[in-house]
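Structure assessment
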Amino acid sequence: MSSSKRGAFIVIEGLDRSGKSTQASLLHDRLQDRQDAGATTPKVVLLKFPDRTTAIGKMIDAYLRSESELDDRAIHLLFSANRWELASTIVAHLAQGTTVLADRYAFSGIAFSARKGLSYEWCRAPEVGLPAPDLTLFLNISPDVAAARGGYGLERYEKEEVQKGVRRVFNKIGRAVQEEGEGKWVEIDAGKTKEEVAEELWKAVEPLASGVQGSISGLWE
Ligand code: NYM
Ligand code: MG
């Protein structure tokens, strides 16, 4: 790795049942394999948001499993705080040349909360300044195809009408990210087979796999 390069920050977003976590793990393995094969590729770490292991994450987990009730704004801020508590770790990894993959990020935060009627601007505000992704891969699937894939789980939001609303906000976010130049936003058709989706993702990721130039910027700053 050239000393002027840092690790790439790659985010995978999508609706529930879009195959996001499966694809994140396949991508992680593929990046890892490259590293083992040659010395030029940096290490890779896979993060997942919400990170349910922290104190804040445990509150989020209880909310998602309907074991607690929280004001819409309060849960929004907890999801955001759950990213902020890992922000310095993300920056440190990137600076060391490690590729960081995140399964969901700030865009999920905005999409799921704005769907409830909170304003886009209000939802975006606590995310401003988080480490900005270099690439966001949005796994697009229509909520009825997702529902037909064996059905949703029992958590909050795992309902077809909720997913439809979330998808509309995601589309708006994707357009905004492109227009505002906040890293690259690539939409992937997640209705294809697991292998086809993995290939599509790899095409977008490979150019960044051995690191990227430039400093880490703050999201929407
Ligand atoms: N979710 C996820 C939010 O509402 N806001 C956020 O900021 C994040 C990261 O949590 N239905 C929602 C989306 C999911 C749920 O995520 C749990 P997962 O990836 O299913 O564990
Ligand atoms: Mg889920």
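An unreviewed UniProt entry lists the protein under the name Thymidylate kinase, with Suillus subaureus given as the organism. We quote the UniProt Pathway (unreviewed entry) comment for the protein here in full: "Pyrimidine metabolism; dTTP biosynthesis." According to the UniProt record, the Sequence similarities (unreviewed entry) comment for the protein reads "Belongs to the thymidylate kinase family."

**A short note on the nonpolar core**
One finds Leu-101, Phe-107, Ile-110, Ala-111, Leu-139 and Ile-188 to be the most contacted residues of the largest nonpolar core, which totals 42 residues. By residue number, the principal contributor to this core is helix 4 (residues 106-114), which donates six residues. Every residue in contact with Leu-101, bar those within four places of it in the chain, is listed here: Ile-10, Ile-12, Ala-24, Leu-27, His-28, Val-44, Leu-46 and Leu-47.

**Digging into the site of ligand 1**
In the vicinity of ligand 1, the contacting residues are Asp-16, Phe-49, Pro-50, Leu-64, Phe-79, Arg-104, Ser-108, Gly-109, Phe-112 and Tyr-157. Within the shell around ligand 1, the residues separate by chemical class into six nonpolar, two polar and two charged.

Procedures and definitions
- Residues numbered from 1 in each chain as written.
- Chains lettered and ligands numbered in written order.
- Predicted model: local features only at pLDDT ≥ 70, side-chain atom pairs only at ≥ 80, totals over all residues.
- UniProt positions renumbered as here; feature names shortened; annotations may be inferred.
- Core = buried A, V, L, I, M, F, W, Y, C linked by C-beta atoms within 7 Å.
- Buried ≥ 20, exposed ≤ 12 C-beta atoms within 10 Å, placed from the backbone.
- Helix = DSSP H or I, 4+ residues; strand = E, 2+ residues; numbered from the N terminus.
- Contact = placed C-beta atoms within 7 Å.
- Near = placed C-beta within 6 Å.
- Nonpolar A, V, L, I, M, F, W, Y, C, P; charged D, E, K, R; others polar.

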